[in-house]
Amino acid sequence: MKAPASEQLILLEIQERDTRLAQLQHRSKTLPEKAELVTARERAERLRKELVAAQTIVSDLEREQAKADADVDLVRERSRKDRHLLDSGEINDPKQLQSLESELQSLAKRQSDLEDVELEVMERLEGAQAAVAHLETALVAAQGDVERLDADVAQLDGEIARERGAVESERGDLVGGVSAELLGLYDKIRGDHAGRGAARLYRGRCDGCRIDLPPSEVAALKSAAEDEVLRCEECRCILVRTEEAGL
Ligand SMILES: [Zn+2]
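Quick notes on the rules
- Residues numbered from 1 in each chain as written.
- Predicted model: local features only at pLDDT ≥ 70, side-chain atom pairs only at ≥ 80, totals over all residues.
- Heavy atoms only, no water.
- Helix = DSSP H or I, 4+ residues; strand = E, 2+ residues; numbered from the N terminus.
- Rg over C-alpha atoms; globule rule 2.2 N^0.38 Å.
- Buried < 20%, exposed > 50% of the residue type's maximum accessible area, 1.4 Å probe, protein only.
- Contact = heavy atoms within 4.5 Å.
- Areas by Shrake-Rupley, 256 points an atom, 1.4 Å probe, with all protein chains shown as cover.
- Lys, Arg positive; Asp, Glu negative; His and termini not counted.
- Charge placed at Lys NZ, Arg CZ, Asp CG, Glu CD.
- Domains from an automatic or database assignment.
- Buried area = accessible area lost by both parts, 1.4 Å probe.
- Salt bridge = Lys/Arg side-chain N within 4 Å of Asp/Glu carboxyl O.
- Polar contact = N/O pair within 3.5 Å; in protein donor to acceptor, adjacent residues only side chain to side chain.
- Core = buried A, V, L, I, M, F, W, Y, C linked by side-chain atoms within 4.5 Å.
- 1 Å grid on protein atoms, 1.4 Å probe; cavity = no way out; pocket = protein on both sides within 12 Å on 5 of 7 lines; lining within 4 Å.
- Points joined across faces, edges and corners; volume = space filled by probe spheres on them.
- Nonpolar A, V, L, I, M, F, W, Y, C, P; charged D, E, K, R; others polar.
- Donors = N, O, S within 2.8 Å, 3.2 Å for Na, K, Ca; no water.
- Tetrahedral: all angles 85-135°; square planar, octahedral: opposite > 155°, others 65-115°.

1. Remarks on the overall build of the protein chain
Assigned secondary structure in the protein chain consists of 5 helices and 5 strands. The order of α-helices and β-strands along the protein chain, N terminus first, is α-α-α-α-β-β-β-α-β-β. Here the C-alpha radius of gyration of the protein chain, 42 Å, is well above what a compact globule of 247 residues would show, namely 18 Å. In terms of principal-axis extent, the alpha carbons of the protein chain reach across some 135 × 35 × 25 Å. A total of 247 residues make up the protein chain; the buried ones form 31% of that total. Long-range contacts, defined here as pairs at least 24 residues apart, represent 77% of the contacts in the protein chain between residues at least 6 apart. Counting only carbon and sulfur atoms, one obtains 51% of the accessible surface of the protein chain, whose full area is about 15200 Å². In the protein chain, the 37 positive side-chain charges and the 53 negative ones have mean positions that sit 5 Å from each other.

Shown next, in the form of structure tokens:
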């Protein structure tokens, strides 16, 4: 293929923009803040689930506590009535009195057992409430991290998008100076070779693959016409001759 040397030089300018665009895309994809954001979101989600589970435990224990309180109240009330009956002097039958005494004893034992249950439930409830409070604090912190990282990512992506816009606009201006045929070749090579379509020939070395050209090839390039589109034998990109080509 043939193309004026001036157009070939523009390819280097376009390549510079394309390399920058690839860097910007890579930077956007690999922003550490994005990975941190994913981790922070996962953490907040996990904490939210743990909080719901802990809140369920608290409400279960609150119900259990209300039942334990009611059980104790019931036994206390029964004891109070028995005691009242005993103290009233209305019962004179020794058998009845003895049975009342023994009921009071068993009620006292029952009350003590129920109070142990009540205490044990209260302790578990306190533990569960502390867990809820702890999770609430952790969740607020995690949500704060998510918001902060979200804002950081939006800002960084915004900066990247602005720079990409500027570089794309420069590229748009540059491609106007190159024939469709040359640009097509450049874009094809760029697509096939990891984003590099053109490279400078610099002091006998291809700037794309950084490999010194063998002397035989240098000799061949030396005799090539100025408008000959040259290719690097190694990396296949268009070799653009500059003043420092070293030929
Ligand atoms: Zn090369």
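2. Some details on the domain arrangement of the protein chain
Once the domains are mapped, the protein chain shows domain 1 (5-25 + 179-241) and domain 2 (31-175). Look at where the C-alpha atoms of domain 1 and domain 2 centre, and you get two points 67 Å apart. Facing the 12 residues of domain 1 at the interface are 9 residues of domain 2. Summed over both sides, the interface of domain 1 with domain 2 buries roughly 1000 Å², with 67% coming from carbon and sulfur. Arginine 171 serves as the salt-bridge partner of aspartate 187, at 3.2 Å between the closest nitrogen and oxygen. Taken together, domain 1 and domain 2 are joined by 4 residue pairs in polar contact (both at pLDDT 80 or more). Mapped by element, the contributors of at least two residues to the side of domain 1 that touches domain 2 are helix 1 (5-29) and helix 4 (180-192). A per-element tally of the side of domain 1 that touches domain 2 places helix 1 first, with 8 residues.

3. What to know about the pattern of salt bridges
Evaluated as defined, the whole model comprises 29 salt bridges. Linking arginine 200 and aspartate 207 is a salt bridge whose minimum nitrogen-to-oxygen distance equals 2.9 Å. Judged by relative accessible area, which is 27%, arginine 200 ranks as partly exposed. Among the salt bridges present, the one from aspartate 207 reaches arginine 210, with a minimum N-O distance of 3.8 Å.

4. Considerations on the side chain of arginine 17
Mapped onto the fold, arginine 17 is located in helix 1. Ignoring any residue separated from it by four or fewer positions in sequence, one finds arginine 17 in contact with Val167, Glu170, Arg171 and Leu174.

5. Quick look at the nonpolar core
Core analysis: the largest hydrophobic core is formed by 27 residues, its most contacted members being Leu11, Ile14, Cys206, Ile238 and Leu239. Within the residue set of this core, elements represented by two or more residues are helix 1, helix 3 (94-175), helix 4, strand 1 (198-202), helix 5 (215-222) and strand 5 (238-241). In terms of residue count, helix 4 provides more of this core than any other element does, 4 residues in total. If we skip the residues at most four places from it in the chain, cysteine 206 touches Ala199, Arg200, Leu201, Ile211, Leu213, Cys232, Cys235, Cys237 and Leu239. Core analysis: the second largest hydrophobic core is formed by 19 residues, Ala40, Ala44, Val58 and Val121 among them.

6. Focus: the layout of surface pockets
By volume, the largest pocket amounts to about 200 Å³. Around the largest pocket, the lining residues are Leu9, Leu12, Glu13, Gln15, Glu16, Thr19, Arg196, Ala198, Ala199, Arg200 and Asp207. Counting only elements with at least two residues in the lining of the largest pocket, the list comes to helix 1 and strand 1. With 6 residues, the single largest contributor to the lining of the largest pocket is helix 1. In the lining of the largest pocket, the residues fall into 4 nonpolar, 2 polar and 5 charged.

7. Some points on the coordination of the zinc ion
Surrounding the zinc ion are the protein donor atoms Cys206 (SG), Cys209 (SG), Cys232 (SG) and Cys235 (SG), which sit 2.3 Å from the metal. Geometry at the zinc ion is tetrahedral, judged from the 4 donor atoms that bind it and their angles of 106 to 115° at the metal. Donor residues binding the zinc ion come from one chain and are separated in sequence as C-x2-C-x22-C-x2-C. Taken together, the residues span a long stretch of sequence, with cysteine 206 in strand 2 (residues 205-206) and cysteine 232 in the loop between strand 4 (230-231) and strand 5 at a distance of 26 residues. Taking the relative accessible area as the measure of exposure, cysteine 206 reaches 0% and is therefore buried. Judged by its relative accessible area of 0%, cysteine 232 falls in the buried class.

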